[in-house]
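Each chain, letter by letter, is given below.
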Amino acid sequence: MGTYKKGLKMSIEDIKKALQSVKYPGFSKSIIDFGFVKDIKLDANSCTILLDITSTAKEVEDELRREIPKALPNLNVNLVFNKPKEEQQKSNSVSGQNIAPQIKDIVMVSSGKGGVGKSTTTVNLAIAAAMQGKKVGILDADIYGPNIPRMMGLNGKEVEVVGDKAKPLNAYGVDVMSMGMLMAEGQALIWRGAMIMKAIQQLLRDILWEELDILFIDMPPGTGDAQLTLAQSVPVSAGINVTTPQHVALDDSRRSLDMFSKLHIPVAGIVENMSGFICPSCNTESDIFGTGTCDELAKQYNTQVLAHLPIEPSIRVGGDSGKPIVYFEPESISAKRYMMAASKLISMLENQGEVSNEAIQPIMPAGVSACSPEGQKIKAEHEAKKSGGCGSGCGCH
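Residues numbered from 1 in each chain as written. Predicted model: local features only at pLDDT ≥ 70, side-chain atom pairs only at ≥ 80, totals over all residues. Heavy atoms only, no water.

(A) How the structure looks around the pairing of strand β4 (residues 103-110). Most of β4 sits out of view: 7 of its 8 residues are buried. One ladder, built from 6 bridges, connects β4 with strand β10 (residues 212-218); its direction is parallel. By the bridge assignment, Ile106 is partnered in β10 with Leu215. Pairing of β4 with strand β11 (residues 238-243), which is carried by 4 bridges, proceeds in the parallel orientation. Residue pairing across strands places Ser110 opposite Asn241, the latter belonging to β11. (Buried < 20%, exposed > 50% of the residue type's maximum accessible area, 1.4 Å probe, protein only. Helix = DSSP H or I, 4+ residues; strand = E, 2+ residues; numbered from the N terminus. Pairing = 2+ DSSP bridges.)

Now the structure itself:
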C-alpha cells in the first residue's frame, strides 16, 4: 500500500488509500482512520494535504513530514498542519508531600455515587489527552469495582514485575495499572479503610510509572478514606466530577465538589453523562433524562461543564469490548465531545500555577490522639505557627 508506478495518474481517493499506511505517531491507527486528513488538493504531480492534528509536540509533526512523502513517492507533497497552541512551561515544584514526583499533573476523577459512568469517562478522557500529544497514564483506584482493565481491553493480561515493582500495561497510547490486574478475576476485596489507604499509596509508589504529563486516577465513589489519602500523598492538580442530570445524582455531586474544596483541589469541571440519547438508526439526539442541569451546579461551584455526554450505544459497546469510542469511532458525537473535554482540561492544567497539599497534611504523630493533652498542645502550636507566631505561646507575631 502507498506505492504507485511512476507516470500513473493518481486521484484523491488513491492518495487517501495510500495514506492509510501512515500511522499516527504512538498509535496503531492511521491518520485517515483518525480523521486527521481534512483536505487534499491535487495538481498534476503535486498535492497539498491539510492535516488537523491534536498534538503540540514537534516530533509528531516531524515524523508525519517524513512518513507521508514515503507513502506518496511519485508526488511532490506539500503539508499544511493545524495543531493546538504550544503549551507553556510549568513548574512542577510543590510543597507538602509527593510520593510520585515524576508525574507532572494528577487528575482525580470522582463521583458522589456509583453507576454514573466515572470509569468510562476516565478511559475516554485519558485516550483523548494521549491523542492530543500528552504522555498519559490511568490508575484504577476504584478498589471495590476495578473496571478499567476490561474497558481498556486488558482483561487477563499479566503484569510484568521488574525488581520489586510492577510495570504498567499499555493500551491505546496510555499506561494503565489497576488492582483488577493484581488479583483473580471476580475476587471480592473486603477491606477496612486503613488497607484501602495503604493500597492507594502502593499503587502510586510501588508501580514503575514513567514520567507522565497526566495521570488520571479513577477513584471509588463517594468522599472517604481513599480520596483523603490520595490528596495527602500527592498534590492533585485537578478534580473532575462525573454525574448524571437527575437531581438525585446532583445532590451527591455537591458533596463531591465540596470535598474538592476542603481538600484544596482545583476543580477542572463537571462531566454530565446520560445527557440525552443518540438514536443509532437516525442519529437524532433526544432528551430523556433531562439535560443541562449541571450548568447551574457548575455556576454554584465556580467551575465549568467539560462535556454533556449523551447515551450512545457505541459507548456501552466500546466499554464492554475494550474498544473505547474516542479511539475506535473518532467521528462520533460522543468522541468529539470527549476530545473537547480533554482539550479544556489540558488548557486548565497548563494555565494554573503550582498546586500544594501542604494544608491538608496530618499534624498528629502516629499513636497520638487529637483529644489528648499532648494532641491539644500539638494542635495549638500548629495553629500558632500558621498565624505567624513561634508556637511557644509567648504571643509574638
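(B) View of the side chain of Ser256. Mapped onto the secondary structure, Ser256 falls in helix α7 (residues 247-262). Taking the relative accessible area as the measure of exposure, Ser256 reaches 0% and is therefore buried. Apart from residues lying up to four places away in sequence, Ser256 is in contact with Ser110, Ser111, Gly112, Thr223 and Asn241. (Contact = heavy atoms within 4.5 Å.)

(C) Representation of the packing of aromatic side chains. Applying the stated rule across the entire model yields 7 aromatic pairs. Measuring from ring centre to ring centre gives 4.8 Å for Tyr24 and Phe36, while their planes differ by 65°; the resulting arrangement is edge-to-face. Taken together, the residues span a long stretch of sequence, with Tyr24 in the loop between α1 (12-19) and β1 (37-43) and Phe36 in the loop between α1 and β1 at a distance of 12 residues. Looking at Tyr24, the relative accessible area reads 2%, which means it is buried. Taking 5.2 Å as the distance between ring centres and 65° as the angle between the ring planes, the aromatic pair formed by Tyr327 and Phe328 counts as edge-to-face. Connected via pairs of aromatic rings, a cluster forms that spans Tyr24, Phe34, Phe36, Tyr172, Tyr327 and Phe328. Here the basic side chain of Lys323 rests over the ring of Phe328, its NZ or CZ set 5.9 Å away from the ring centre. (Phe/Tyr/Trp six-rings, centres within 6.5 Å; stacked < 30°, edge-to-face > 60°. Lys NZ or Arg CZ within 6 Å of the ring centre and 35° of its normal.)

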